[in-house]
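Structure assessment
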Amino acid sequence: MEDTIVEVNYGPLKDLIGVWKGDKGMDVSPESDGIEENPYYETITITTDGDTSVTNAESQKLSTLHYRRLVRRKSNNNIFHDQTGYWMWDAENNVIMHSLNIPRAVSLLAGTKLSENNFKNGKLSFEIEAGIDNKDWGIIQSPFMKQKALTKNYKLKIEIENGKLKYEETTLLDIYGKEFEHTDTNELTLQ
Ligand code: HEM
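Going by an unreviewed UniProt entry, the protein carries the name THAP4-like heme-binding domain-containing protein and comes from Lutibacter oricola.

Structure follows, in structure tokens:
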């Protein structure tokens, strides 16, 4: 029998495919005695590798992209944030989903329903969120992290236009006895 090649409709995800690089990154992260500010550069590689068209429970169809994000400190070129997961799109309901795994034993699934307001003049912009009390979009973390460095909420605002991608990411932590807004921003260009 001949293999059938199915064209995957990536919808809004199609603008994400490729290798993105940006060197205007700024990280604000927690320290026991205050905050740390780290200028950074990063590469985000978003591919159609793997099972890019998935059917769940014989009914929900997802288009999927795999990504890997490697972030390096400008001061010493060492990787200090490593993240992987998937971008997923449910065409029927126009829902976009983002899974995020980091090697601190923290994972989450963020998502949102898109509307035509998210596409204007060739620009795609949207915000996704996950939270420990959010019934749809949750966060999983190890017992140690729950006790010592709890991720309470995660928000990603993203704008994509003509091969340029900008984001603002806010991870709300409960660490060292207080709440801390751990933030990251950058602008990237499609290579
Ligand atoms: C550009 C992206 C990011 C960078 C550069 C970054 C970097 C950092 C740095 C420097 C720290 C302070 C502790 C240390 O020096 O290792 C930290 C702490 C932390 N980050 Fe991030 N981070 C990023 C994104 C995220 C994201 C997306 C999450 C989860 C959703 C996250 C979760 C945490 C947690 C839970 C801690 C507390 C652990 C601790 O300080 O011991 N980070 N991050």
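The next subject is the coordination of the iron atom of the ligand. A lone protein donor binds the iron atom of the ligand: His 182 (NE2), at 2.1 Å. Relative to the helices and strands, His 182 resides in strand S13 (residues 178-190).

Once that is clear, we can look at the site of the ligand. In the vicinity of the ligand there are 24 residues, among which Ser 29, Arg 69, His 81, Arg 104 and His 182 approach most closely. Measuring from a nitrogen atom of the ligand, one finds a side-chain N or O atom of His 81 at 3.5 Å. In this structure, an oxygen atom belonging to the ligand sits 3.0 Å away from a side-chain N or O atom of Arg 104. Contributing elements (two or more residues each) for the shell around the ligand: strand S1 (18-31), strand S2 (34-47), strand S4 (60-73), strand S5 (79-90), strand S11 (149-161), strand S12 (164-175) and S13. Broken down by element, the residue count for the shell around the ligand peaks at 4 residues, all from S12. When the residues that make up the shell around the ligand are grouped by side-chain class, the tally is 11 nonpolar, 6 polar and 7 charged.

Now for the UniProt feature "domain: THAP4-like heme-binding" (unreviewed entry) in the protein. Those residues carrying the UniProt feature "domain: THAP4-like heme-binding" (unreviewed entry) are residues 10-189 in this numbering. In this annotation, residues 10-189 is assigned 3% helix and 69% strand; the end-to-end C-alpha distance for the span is 20 Å.

Before going further, it helps to spend a moment on the pattern of salt bridges. Taken as a whole, this structure holds 8 salt bridges when the rule is applied. In this structure, Arg 73 and Glu 36 form a salt bridge, with 2.7 Å as the shortest nitrogen-oxygen distance. With Arg 73 in strand S4 and Glu 36 in strand S2, this residue pair connects regions lying 37 residues apart in the sequence. Of the charged contacts in the structure, one is a salt bridge between Arg 69 and Glu 169, with a shortest N-O distance of 3.2 Å. With Arg 69 in strand S4 and Glu 169 in strand S12, the pair connects residues that are 100 residues apart, well separated along the chain. For the pair formed by Arg 69 and Glu 169, the shared burial category is buried. Beyond isolated ion pairs, a larger network of salt bridges with shared partners links Glu 42, Arg 69 and Glu 169.

Turning our eyes to something else, we now look at unusual backbone geometry. The general pattern is negative phi for most residues beyond glycine and trans for most peptide bonds. Look at Ala 57: it is not a glycine, yet its phi comes out positive at around 50°. Its location among the elements puts Ala 57 in the loop between strand S3 (53-56) and S4. According to the relative accessible area criterion, Ala 57 is exposed, its value standing at 74%. One non-glycine residue, Asn 162, adopts positive backbone phi at about 45°. Looking at the secondary structure, you find Asn 162 in the loop between S11 and S12.

By the secondary structure assignment, Asp 27 is in strand S1. Buried charged residue Asp 27 carries no salt bridge. Nearest counter-charge: Arg 73, at 6.1 Å. Within the local environment of Asp 27, its side chain forms a polar contact with the side chain of Ser 29, the two groups lying 2.9 Å apart. Apart from the residues within four sequence positions on either side, Asp 27 is in contact with Glu 36, Glu 37, Asn 38, Tyr 40, Phe 80, His 182, Thr 183 and Asp 184.

As a further point, take the nonpolar core. Within the largest apolar cluster, 42 residues are counted, with the highest numbers of intra-cluster contacts made by Leu 13, Leu 16, Ile 46, Trp 87, Phe 126, Ile 158 and Leu 165. Discounting residues that sit within four places of it in the chain, Ile 46 has contacts with Leu 16, Ile 17, Gly 18, Trp 20, Leu 65, His 66, Tyr 67 and Trp 87.

Reading guide: rules and limits
Residues numbered from 1 in each chain as written. Predicted model: local features only at pLDDT ≥ 70, side-chain atom pairs only at ≥ 80, totals over all residues. Heavy atoms only, no water. Donors = N, O, S within 2.8 Å, 3.2 Å for Na, K, Ca; no water. Helix = DSSP H or I, 4+ residues; strand = E, 2+ residues; numbered from the N terminus. Near = heavy atom within 4 Å. Polar contact = N/O pair within 3.5 Å; in protein donor to acceptor, adjacent residues only side chain to side chain. Nonpolar A, V, L, I, M, F, W, Y, C, P; charged D, E, K, R; others polar. UniProt positions renumbered as here; feature names shortened; annotations may be inferred. Salt bridge = Lys/Arg side-chain N within 4 Å of Asp/Glu carboxyl O. Buried < 20%, exposed > 50% of the residue type's maximum accessible area, 1.4 Å probe, protein only. Lys, Arg positive; Asp, Glu negative; His and termini not counted. Contact = heavy atoms within 4.5 Å. Core = buried A, V, L, I, M, F, W, Y, C linked by side-chain atoms within 4.5 Å.

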